[in-house]
Amino acid sequence: MKLIYMSLFFLIQSCTTGGPRYQKIDPTMANQPGSLSMDWFLAPIPDWINFSPTNQCEKENNWTYLDISKISPQLGLSYPQALELQARINQYPDFLKLPETERFKLFFDELTKVINKISLINPIPEVAKNLVIISIDSIKATKNWKSILTTLSENPKWDTFIPIIVSECLSTQTLKNILSELPPNSPFQWSIGAEFVSTFSFDGKNQYQWGIGWDKFFLGKKISYFNEWQAK
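Residues numbered from 1 in each chain as written. Predicted model: local features only at pLDDT ≥ 70, side-chain atom pairs only at ≥ 80, totals over all residues. Heavy atoms only, no water.

**Q** Please provide a residue-by-residue account of the pattern of salt bridges, values included.
**A** For the coordinates displayed, the defined rule picks out seven salt bridges. K105 serves as the salt-bridge partner of D109, at 2.7 Å between the closest nitrogen and oxygen. Taken together, the residues D109 and K105, both in helix α4 (residues 100–115) and four residues apart, mark about one turn of the helix. The closest approach of N and O atoms between K146 and E181, which form a salt bridge, is 3.0 Å. Note that K146 is positioned in helix α6 (residues 145–153) and E181 in the loop between α7 (172–179) and β5 (191–192), a separation of 35 residues in sequence. (Salt bridge = Lys/Arg side-chain N within 4 Å of Asp/Glu carboxyl O. Helix = DSSP H or I, 4+ residues; strand = E, 2+ residues; numbered from the N terminus.)

**Q** Please provide a residue-by-residue account of the pairing of strand β7 (residues 206–211), values included.
**A** Relative to β7, strand β6 (residues 198–200) runs antiparallel, the two sharing two bridges. Residue F200 lies in a different strand from β7, and its bridge partner there is N206. If you look at the hairpin formed by β6 and β7, you'll find five residues sitting between the two strands, and G204 has a positive phi there, around 80°. (Pairing = 2+ DSSP bridges.)

**Q** Kindly report on the environment of T112, identifying the contributing residues and their values.
**A** Relative to the helices and strands, T112 resides in helix α4. Note on T112: relative accessible area 23%, which makes it partly exposed. (Buried < 20%, exposed > 50% of the residue type's maximum accessible area, 1.4 Å probe, protein only.)

**Q** I'd like to hear about the nonpolar core, residue by residue, with values.
**A** Within the largest apolar cluster, 28 residues are counted, with the highest numbers of intra-cluster contacts made by I164, I192, I212, W214, F217 and F218. Of all the elements in the fold, those that place two or more residues in this core are α3 (79–89), β3 (130–135), β4 (162–166) and α8 (214–217). Top element by residues in this core is α3. It accounts for four residues. Sequence-distant contacts of I192, defined by excluding residues within four places in its chain, comprise I121, I164, I165, V166, S167, T172, L175, I212, W214, F217 and F218. Counting 18 residues, the second-largest nonpolar core is a separate cluster that includes F41, F95, F107 and F108. (Core = buried A, V, L, I, M, F, W, Y, C linked by side-chain atoms within 4.5 Å. Contact = heavy atoms within 4.5 Å.)

**Q** Describe in detail the layout of surface pockets, supporting the description with residues and values.
**A** Here the largest pocket defines a volume of roughly 680 Å³. As for the largest pocket, its lining consists of 17 residues, of which P80, K117, S119, F217 and F218 are closest to the centre. Of the residues assigned to the lining of the largest pocket, the class counts are nine nonpolar, four polar and four charged. (1 Å grid on protein atoms, 1.4 Å probe; cavity = no way out; pocket = protein on both sides within 12 Å on 5 of 7 lines; lining within 4 Å. Points joined across faces, edges and corners; volume = space filled by probe spheres on them. Nonpolar A, V, L, I, M, F, W, Y, C, P; charged D, E, K, R; others polar.)

By themselves these figures say nothing about function.
Dropping the structure here:
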């Protein structure tokens, strides 16, 4: 048991730069070698309520969700890192149903990538300060969604604003597939799918609704929301 705690400690330490960072590790995280604390995960959502009330769409998958109020302080993860880790483990369907030893290995492999800043999201240029969040769920529900997105992509404002295509129901890969059908010069190069979404805010409080605190996810950027931005 002691070996497990020490291994986790040095795993996190070895992937961190800028001097020592002593991470708090939950003493109940492992009941036996090669196990994960189930306190880090929320209970699976029943299929019949696996949808977004805000956007009135069914979620593409029944994803695995992290309890950010516990995993962030215990592993020393920032809000963006915790959501990135959640998205990463959702690359493995039915993650919580995998054999325990496999689940343990995959989790810490993905944690290592998060700590080493290997992101699933295309890097946003440092010089870009203005981001516009565009929820695609209502657009994708229409028959002429491709025409709408193509027209939207031609907005001259994209010279000074970066659009972020997001969804509470579709995966990041599905969003990429959708955007790949647009002209190759489309400004829509950034997408964040529903596997990133959480009910927890940046400070670990449960908001009891799906979302992402974009100003805390994209630190140092000015965030606008499409409907308000378009009306200006």
